[in-house]
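# Commentary on secondary and tertiary structure
Okay, here's what each chain looks like letter by letter:
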Amino acid sequence: MSVFDYQQIDEIIHSRIRLAIMAALIATEEVEFTVLRGLTKATDGNLSANLKKLEEAGYINVKKEFVNRKPVTSYSLTSDGKQAFAAYIENLEKMIKK
Amino acid sequence: MEAEKNAIDELNYIKKIIEDSRRIVADNGMGYIVWGVLVTIGMVLGYIKYSMNLAFDYIWAWAIIIALGWLFSFIAYYRKKPAEVSTFAGRIIGRLWFSFGVSMTVLGFGGYFSHAISGEYISAVIALVLGAAYYISSILYDWNWFKAIGVLWWAGGFTLLFVNDVKQFLIMAGLMIFGQIVPGIILYVKYKKQFSQAK
């Protein structure tokens, strides 16, 4: 497999919704679930499932707290997540320059 | 060829999401509105005092107004709920306005009591500082309309350097309404609209 092989792209990030989540988190520092839902235009269930995958991969941090007695969940990128996203972009750029 | 096209599509998609994320308004504008209303009240009081030759200590009115403004800012900072979204630009802008607020307070009171700045020109100095604050914020937020507000303040500050009678209170009050309260209301509306759509 060459370094430009499309198959070498990170499969965790390589999905429209997870890519959208990662891009939204790279542009911000911390985002609430509801804002992320607005940015990705995903349904609650779909967004939750994909956030779980990113969390299991160690790409995102999850913070749960109560604000005015309501549960609020916020997400941010881990340093591994930032590195993985940077590598993903680099691979895409290599493919275009090829 | 197909892989290249997909890669370009993905990069464009990432760019769009990042741009949408950057456009999120993380400030509800209340600070702009409260400070704008307080300073406008101070300017109207100044106009009334000097145009009617009333005998009240104007500097005490300002001390109360500025104290109320800072009290609001500190309460808002310490009691605020975690933001729906936190951005690096938002954090920088928060610190920027705090530092410019401190500078304006020191310039206003320090300048007055030390006689380093003639009372007639304090409004001009404050307007020029606000111009810088709005201009820098416009770059961090990537909002051109904030840049226009900065230019408005600079133009107002320049004008105030040449107006040293009671009209300066009215000019400064007008600047506060259009250059502080109105932007605050716009931010408030954008903030509410954005998060009502998200919920």
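Summarised in this report is the structure supplied together with it. (Residues numbered from 1 in each chain as written. Chains lettered and ligands numbered in written order. Predicted model: local features only at pLDDT ≥ 70, side-chain atom pairs only at ≥ 80, totals over all residues. Heavy atoms only, no water.)

Our next topic: the interface of chain A and chain B. Each side of the interface is counted separately: chain A has 27 residues, and chain B has 28 residues. Of the roughly 2500 Å² buried where chain A meets chain B, counting both sides, 66% is carbon and sulfur surface. When the buried area of chain A at its contact with chain B is split by residue, Arg16, Glu29 and Ile96 of chain A rank highest and sum to 23% of it. Put simply, chain A and chain B have 1 salt bridge between them. Residue Arg91 of chain B pairs with Glu29 of chain A through a salt bridge whose shortest N-O separation is 2.7 Å. Elements that contribute at least two residues to the side of chain A that touches chain B include exactly helix H1 (16-27), strand E1 (30-32), helix H2 (33-40), strand E2 (60-67) and helix H4 (79-97) of chain A. Residue classes in the side of chain A that touches chain B are distributed as 17 nonpolar, 3 polar and 7 charged. (Contact = heavy atoms within 4.5 Å. Buried area = accessible area lost by both parts, 1.4 Å probe. Salt bridge = Lys/Arg side-chain N within 4 Å of Asp/Glu carboxyl O. Helix = DSSP H or I, 4+ residues; strand = E, 2+ residues; numbered from the N terminus. Nonpolar A, V, L, I, M, F, W, Y, C, P; charged D, E, K, R; others polar.)

Take the packing of aromatic side chains next. Applying the stated rule across the entire model yields 21 aromatic pairs over all chains. With a centroid separation of 5.1 Å and 65° between ring planes, the pair formed by Phe158 of chain B and Phe162 of chain B is classed as edge-to-face. Phe162 of chain B matches Phe158 of chain B in its accessibility class, with the two residues each being exposed. Here the guanidinium or amino end of Arg16 of chain A rests over the ring plane of Tyr13 of chain B, the centre of that ring lying 4.0 Å away. The cationic tip of Lys190 of chain B hangs over the ring face of Trp143 of chain B; the distance from NZ or CZ to the ring centre is 5.9 Å. (Phe/Tyr/Trp six-rings, centres within 6.5 Å; stacked < 30°, edge-to-face > 60°. Buried < 20%, exposed > 50% of the residue type's maximum accessible area, 1.4 Å probe, protein only. Lys NZ or Arg CZ within 6 Å of the ring centre and 35° of its normal.)

Once that is clear, we can look at the nonpolar core. All names here are of chain B. Ranked by internal contacts, the top residues of the largest apolar core, which has 40 residues, are Met43, Trp62, Trp97, Leu130, Tyr134, Trp153 and Met172. Every element with two or more residues in this core is listed here: helix H2 (30-52), helix H3 (58-79), helix H4 (88-114), helix H5 (122-141), helix H6 (144-160) and helix H7 (167-198). Sorting elements by how many residues they give to this core places H5 first, with 9 residues. When residues no more than four places from it in sequence are discounted, the contact partners of Tyr134 are Tyr32, Trp97, Phe146, Ile149, Gly150, Trp153, Gly179, Gln180 and Pro183. (Core = buried A, V, L, I, M, F, W, Y, C linked by side-chain atoms within 4.5 Å.)

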